[in-house]
Amino acid sequence: MPQVTKRLRDPDINPCLLESDASTRCMDENNYNRERCSSYFLKYKNCRRFWNSVMIQRRQNGVEPSMPTAAERAEILGTMGKMPY
C-alpha cells in the first residue's frame, strides 16, 4: 500500500475516516450519483472544517501534535456531549 494511502487510513492522522468511508460507500451503492450522497459529503466537509479549526487552535496555543490523536479526539467529542458536525 502506498505511503499516502496508509496515512489517509490511519485514524490518528485522519479524524474524518468514518465520514470518508460512509461517503465512498454511498457513492458505490448509488452508482456514483452525487446527488443521492450530498448529505454524506456535507458531513465529511463539516467534519474536516471542525477538526481543522481544532488543529489551528492547538497550533496557535503551541500544543503538539497539532492534530489530536484518536484517543484525544474521542475525549474531546465526549466532553461536547454530541457530534459538532
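Remember, it's a predicted structure, so these values are computed and weren't measured experimentally.

A. Highlighting the state of the cysteines. Going through the model one piece at a time under the given rule, you end up with two disulfides. Sequence-ordered numbering of the bonded cysteines in the chain yields a pairing of 1-4, 2-3.

B. How the structure looks around the packing of aromatic side chains. Evaluation of the coordinates by the stated rule reveals two aromatic pairs. Their ring planes at 80° and their centres at 4.8 Å tell us that Phe50 and Trp51 sit as a pair that is edge-to-face. Put simply, the rings of Phe50, Trp51 and Tyr85 touch in pairs and so form one group of aromatic residues. The side chain of Arg73 reaches across the aromatic face of Trp51, ending 6.0 Å from its centre.

C. Layout of unusual backbone geometry. Of the consecutive residues Glu64 and Pro65, the connecting peptide bond is found in the cis state with omega at -10°. As for its position among the elements, Pro65 is in the loop between α3 (38-60) and α4 (70-80). Positive phi, close to 55°, is recorded for Asn31, a residue that is not glycine. Phi is positive for Tyr32, which is not a glycine, with a value near 60°. Tracing the backbone through its elements, the reader meets Tyr32 in the loop between α2 (17-29) and α3.

Reading the values: rules and limits
- Residues numbered from 1 in each chain as written.
- Predicted model: local features only at pLDDT ≥ 70, side-chain atom pairs only at ≥ 80, totals over all residues.
- Heavy atoms only, no water.
- Disulfide = S-S within 2.5 Å.
- Phe/Tyr/Trp six-rings, centres within 6.5 Å; stacked < 30°, edge-to-face > 60°.
- Lys NZ or Arg CZ within 6 Å of the ring centre and 35° of its normal.
- Helix = DSSP H or I, 4+ residues; strand = E, 2+ residues; numbered from the N terminus.

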